[in-house]
Amino acid sequence: MQAIVLINPLDNVVVALRPLAAGEVLSVEGAGEVRVAEDIPQGHKMAVRALALGDNVVKYGLPIGHATCDIAPGEHVHTHRMATNLSGEVEYTYEPAVRDLEPVEPETMRAFRRMDGRVGIRNEVWILPTVGCVNEVAAALAADAADLVHGSVDGVVAFAHPFGCSQTGADHAQTRKLLATLAHHPNAGGVLGLGLREPHA
């Protein structure tokens, strides 16, 4: 297993991919051989170049903090030897400009209020096949009912789909849930559920 990873050629630290033991000698791209100075936990950083107090610790090719002491190659680089470059907490005050708003007339729209209080922007008759096997029948019924489209009725729509037949378990339950949701949609003023039933012998 690879012991370390140098994420960016500009980095002065590597990341331990496994626990590193003091005394190990590792080959680092751009830095040559580096002897591990102390045990370093997996996932932690190890210096591959000498860092003086205040030098930036570079990872991903960018400074992630600065050294709080001199750090030799092979030493563990963690919070005990580095600190953030951020200046810390800053003060923040919020002074909202509160003012009264000009009154406005409520906006309205032409819509259809359903018995449960929901509002539809269309008023259609929906034909919902419970199985895909009756899609053509649903389409034919919608075409035959075209004369109903007048006044407040915006259309008669058949919702064809390939589901239902041969579905079982959670798969079938999802189809039932979808059809039930459509049946309760506020744009549907009326719903016809169309199923498939085998004739009796």
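Residues numbered from 1 in each chain as written. Predicted model: local features only at pLDDT ≥ 70, side-chain atom pairs only at ≥ 80, totals over all residues. Heavy atoms only, no water.

Enquirer: Account for the pattern of salt bridges, with residues named and values stated.
Expert: All chains considered together, the criterion is met by 4 salt bridges. Arg118 serves as the salt-bridge partner of Asp116, at 3.0 Å between the closest nitrogen and oxygen. Residue Glu124 is joined to Arg122 by a salt bridge in which the shortest nitrogen-to-oxygen separation is 3.5 Å. By relative accessible area, which is 12% here, Glu124 ends up buried. By relative accessible area, which is 37% here, Arg122 ends up partly exposed. (Salt bridge = Lys/Arg side-chain N within 4 Å of Asp/Glu carboxyl O. Buried < 20%, exposed > 50% of the residue type's maximum accessible area, 1.4 Å probe, protein only.)

Enquirer: Before we move on, could you go through the nonpolar core and cite the residues and values that matter?
Expert: Ala3, Ile4, Val14, Ala16, Leu20, Leu26, Val28, Val34, Val36, Ile40, Met46 and Val48 form the largest nonpolar core, which has 12 residues in total. Within the residue set of this core, elements represented by two or more residues are β2 (13-16) and β3 (25-28). Residue contacts for Ala16: discarding those within four places in its chain leaves Ala3, Ile4, Ile40, Pro41, Gln42, Gly43 and His44. (Core = buried A, V, L, I, M, F, W, Y, C linked by side-chain atoms within 4.5 Å. Helix = DSSP H or I, 4+ residues; strand = E, 2+ residues; numbered from the N terminus. Contact = heavy atoms within 4.5 Å.)

Enquirer: Describe the pairing of strand β12 (residues 124-129), with residues and values.
Expert: A large share of β12 lies buried, amounting to 5 of its 6 residues. Judged from the 6 bridges that link them, β12 and strand β14 (residues 188-194) form a sheet pairing that is parallel. In the sheet register, Val125 faces β14, and the bridge partner there is Gly190. (Pairing = 2+ DSSP bridges.)

Enquirer: Provide a residue-level description of the state of the cysteines, including the pertinent values.
Expert: Within the structure shown, the criterion is met by 1 disulfide. The side chain of Cys133 participates in a disulfide bridge whose partner is Cys165; the two sulfur atoms lie 2.2 Å from each other. On the criterion of sequence distance, the pair formed by Cys133 in the loop between β12 and α1 (135-144) and Cys165 in the loop between β13 (155-158) and α2 (169-183) is long-range, its members being 32 residues apart. With relative accessibility at 48%, the residue Cys133 sits in the partly exposed group. (Disulfide = S-S within 2.5 Å.)

Enquirer: Would you mind going over the environment of Ala50 in detail, with residue names and values included?
Expert: Along the chain, Ala50 falls in the loop between β5 (45-47) and β6 (56-59). For Ala50, a relative accessible area of 57% corresponds to the exposed category. Between the alpha carbons of Ala50 and Leu141 there is a distance of 82 Å; along the sequence they are 91 residues apart. Not counting residues within four places of it along the chain, the set of residues in contact with Ala50 comprises Ile71 and Pro73.

Enquirer: Give me the lowdown on the sheet that holds β13, citing residues and values where you can.
Expert: Pairing between sheet strands relies on hydrogen bonds along the backbone, with the strands arranged either parallel or antiparallel. Spatially, β13-β12-β14 is the arrangement adopted by the 3 strands of the open sheet, whose pairing is parallel. Both edges of this open sheet fall to β13 and β14, since each of them pairs with a single strand only. The mean inter-strand angle of the sheet, taken between neighbouring strand axes irrespective of direction, is 15 degrees. Pairing of β12 with β13, which is carried by 4 bridges, proceeds in the parallel orientation. For Val125, the partnering residue across the bridge sits in β13 and is Val156. The strands that α2 touches are β12 and β14; relative to β12, the one it contacts most, it runs at about 165 degrees. (Axes fitted to C-alpha atoms, helices over the stretch in contact; angles between N-to-C directions.)

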